[in-house]
Amino acid sequence: MSFTDILLFILFIQALHFFGTWKLYQSAGRKWWEAAIPVYNAIILFKIINRPWWWLFLIFVPIVNLIMFPVIWVETARSFGKNSTTDTLLQLFTFGFYTYYINYFTKHEYIEDRSLKAKSKTGDFVSSILFAVVAATIVHTYIMQPFTIPTSSLEKTLLVGDFLFVSKFHYGARLPQTAVSFPMVHDTIPLLGVKSYLNSPQLPYLRFPGFENVQRNDIVVFNWPVDTVRMFRDQSGRHYDKPLDKKSNYVKRAVGVAGDSLEIIDGKVYVNSAPLQLSDRAKPQFSYIVQGKGQGFNMRSLVEIYGITDGLQWIDRSRDLYQVNAITEENLAKFKNHPNVKSVERIISPEGKADTGIFPNNGKVNWNRDNFGPIYIPEAGKTVKLDLESFSLYRRIIEVYEGSEMGIENKLEVKGSQVYLNGNPIDEYTFKQDYYWMMGDNRHNSEDSRYWGYVPQNHVVGKPVFIWMSLDPNASDLVDKVRWERLFTTVGGEGKPSSYLVYFLIGVVLIIGYNYFIKKKQ
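Predicted model, so just to flag it, every value in this text is computed and none were measured. (Residues numbered from 1 in each chain as written. Predicted model: local features only at pLDDT ≥ 70, side-chain atom pairs only at ≥ 80, totals over all residues. Heavy atoms only, no water.)

## Brief notes about the sheet that holds strand β13 (residues 341–346)
Strand pairing in a sheet is mediated by backbone hydrogen bonds. Such pairs are either parallel or antiparallel. Strand order in the open sheet formed by 4 strands is β11-β12-β10-β13, with antiparallel pairing between adjacent strands. Strands with a single pairing partner mark the edges of an open sheet, and in this sheet they are β11 (312–316) and β13. This sheet shows a mean twist of 30° between the axes of neighbouring strands, independent of strand direction. Summarising the sheet, β11 and strand β12 (residues 321–328) pair through 4 bridges and their orientation is antiparallel. Note that in β12 the partner of Trp-314 across the bridge is Tyr-322. (Pairing = 2+ DSSP bridges. Helix = DSSP H or I, 4+ residues; strand = E, 2+ residues; numbered from the N terminus. Axes fitted to C-alpha atoms, helices over the stretch in contact; angles between N-to-C directions.)

## As for a nonpolar patch on the surface
Taken together, the side chains of Tyr-500, Val-502, Tyr-503, Ile-506 and Leu-510 define a hydrophobic patch exposed on the protein surface, amounting to about 560 Å² of accessible area. In this fold, Tyr-500 is placed in the loop between β23 (489–490) and α13 (501–521). (Patch = residues over 30% accessible without salt bridge, like charges linked within 9 Å, V, L, I, M, F, W, Y side chains within 5 Å. Areas by Shrake-Rupley, 256 points an atom, 1.4 Å probe, with all protein chains shown as cover. Salt bridge = Lys/Arg side-chain N within 4 Å of Asp/Glu carboxyl O.)

## Some points on unusual backbone geometry
A cis amide bond links Ser-200 with the next residue in sequence, Pro-201, at an omega value of 5°. Here Pro-201 is to be found in the loop between β4 (194–195) and β5 (219–223). In this structure, the amide linkage connecting Phe-359 to the following residue, Pro-360, adopts the cis form with an omega of 10°. The phi angle at Asn-217 is positive, at roughly 85°, despite the residue not being glycine. Examined against the element boundaries, Asn-217 turns out to sit in the loop between β4 and β5.

## Observations regarding the nonpolar core
The biggest cluster of nonpolar side chains holds 31 residues, and the ones touching the most others in it are Leu-262, Tyr-394, Trp-437 and Tyr-454. Of all elements in the fold, only β7 (261–265), β8 (268–271), β14 (372–376), α10 (391–401), β17 (418–421) and β20 (435–439) reach the threshold of two or more residues within this core. Ala-42, Ile-48, Val-61 and Ile-72 belong to the second largest nonpolar core, which has 29 residues in total. (Core = buried A, V, L, I, M, F, W, Y, C linked by side-chain atoms within 4.5 Å. Buried < 20%, exposed > 50% of the residue type's maximum accessible area, 1.4 Å probe, protein only.)

## Some words on the side chain of Thr-157
Looking at the secondary structure, you find Thr-157 in the loop between β1 (144–148) and β2 (162–167). Side-chain polar atoms of Thr-157 contact the side chain of Arg-253, separated by 3.3 Å. Dropping the residues within four chain positions of it, Thr-157 is found in contact with Ile-219, Arg-253, Arg-281, Ala-282, Lys-283, Asp-441 and Arg-486. (Polar contact = N/O pair within 3.5 Å; in protein donor to acceptor, adjacent residues only side chain to side chain. Contact = heavy atoms within 4.5 Å.)

## Description of the packing of helix α4 (residues 64–78) against helix α5 (residues 85–93)
To describe two helices that pack against each other, one gives the angle between their axes and the distance between the axes. Direction vectors running N to C along α4 and α5 enclose 140°, while the axes themselves pass 9 Å from each other. Here α4 lies oblique to α5, going by the angle between them. Regarding α4 and α5, the two cross each other, and that crossing is right-handed. In this structure, α4 uses Pro-70, Trp-73, Val-74, Ala-77 and Arg-78 to contact α5, whose residues at the interface are Thr-88, Gln-91 and Leu-92. Residue composition of the contact of α4 with α5, by class: 5 nonpolar, 2 polar and 1 charged. (Parallel < 35°, antiparallel > 145°, perpendicular 65-115°, else oblique. Left-handed = near helix turned anticlockwise from the far one by under 90°. Nonpolar A, V, L, I, M, F, W, Y, C, P; charged D, E, K, R; others polar.)

## With respect to the environment of Trp-468
Looking at the secondary structure, you find Trp-468 in strand β22 (residues 460–470). With relative accessibility at 32%, the residue Trp-468 sits in the partly exposed group. Separated by 32 residues in sequence, Trp-468 and Tyr-500 place their C-alpha atoms 9.5 Å apart. Dropping the residues within four chain positions of it, Trp-468 is found in contact with Phe-163, Leu-164, Phe-165, Leu-487 and Phe-488.

In structure tokens form, the structure reads like this:
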């Protein structure tokens, strides 16, 4: 939906409002023409229904307005004496068109000083729930969103079972593009397992200014660019055309930002020809082939001692040979010195051994997960040469991220040795937005940019800032299941994370004490 389409839609809604309410405005002591002036008519309407003027902002907030409109319909009917349950249901099930019946076919008497208090406990409960949902939706969409870590791709920094708060305002909150959606859920309604949104109408991409840009080494939550599954971890194999903001949420580390050149050599990431410098909380992990010394020793007992994330996998029991999945280099040095470990060899896909599952997925490069690139990470406003060699690297960017997802029909193709864009020969291209290269710290157990490519700026959701709960999925006892040392810790920063749980509990006690003793005394 373009801005022109949005303008026409707003004018259509204004016309519907005018023809359905102008008599009601007159009955409330206002002028009939006041129902026809956009924005101004909403301010007057809120005066008529005895509601605050700032509700005006709520009706322009996507998703929130889906909740506010039914409330306004019902409040309008009640302001003219239509208070029964039947009146309320008629307003809701006719999507507000019951107002036309009130406007033209009833003797409507305006109740100027009507009580805003619900006439029943049910009504009071429903009102409270509605406005709680409105407040929560605003917070969820524009300020802070809860997020759960489902995989071990960022193990050591973020663990499976961590519950995060993800800031929307650090990088700038993104306005919802999917206009009709169930509030506070992503692509699926919980328990029901059905789609939570309508594919259309789609609003243009807009983002509020942020306090910072995505920096190299930031952990970022983003929409998985190539997502076509119905819901996260859907194994059905069916494909779905999903709106940008309803693609599955992923969390990875931005190892490369717009303007960087990136290369992976024997598993090590190099940015701008220099080794990637990670923060001390980041612990890259790799997989190794380990040979034990036999003697009946149970190597699995070393998993917890040396922080081996994804456990052990036997390869040859007769030779006491097995694979260690995901261990940090720091723990590896200690592991090698164990008396029952004979040898350790890192698993590395050798240079020149092509993996067809690796980006750009065209079978024309000999890249793999451990030896990859070099590539350039596009920056907005920068121009690159477009030829047979770079065609595959930027094709999805041009056709999808800067094409169909922005409402532009881009078609990139090759004829002979010439690249064509929408039928016109080109030899260079200027990017419209920034891109990032996202990878997991658990290098051999992370589906990341090595497999599906660049992450566009418009796919960025937010920045994880706080772990409020952490549950160990492998623990059975409730007390042991909670990772107490991780509660209320920050995601970023240097050094060992510090828990703010004690300060949080003190704050809760003070608030409860104030409400119970001070307010009660007053």
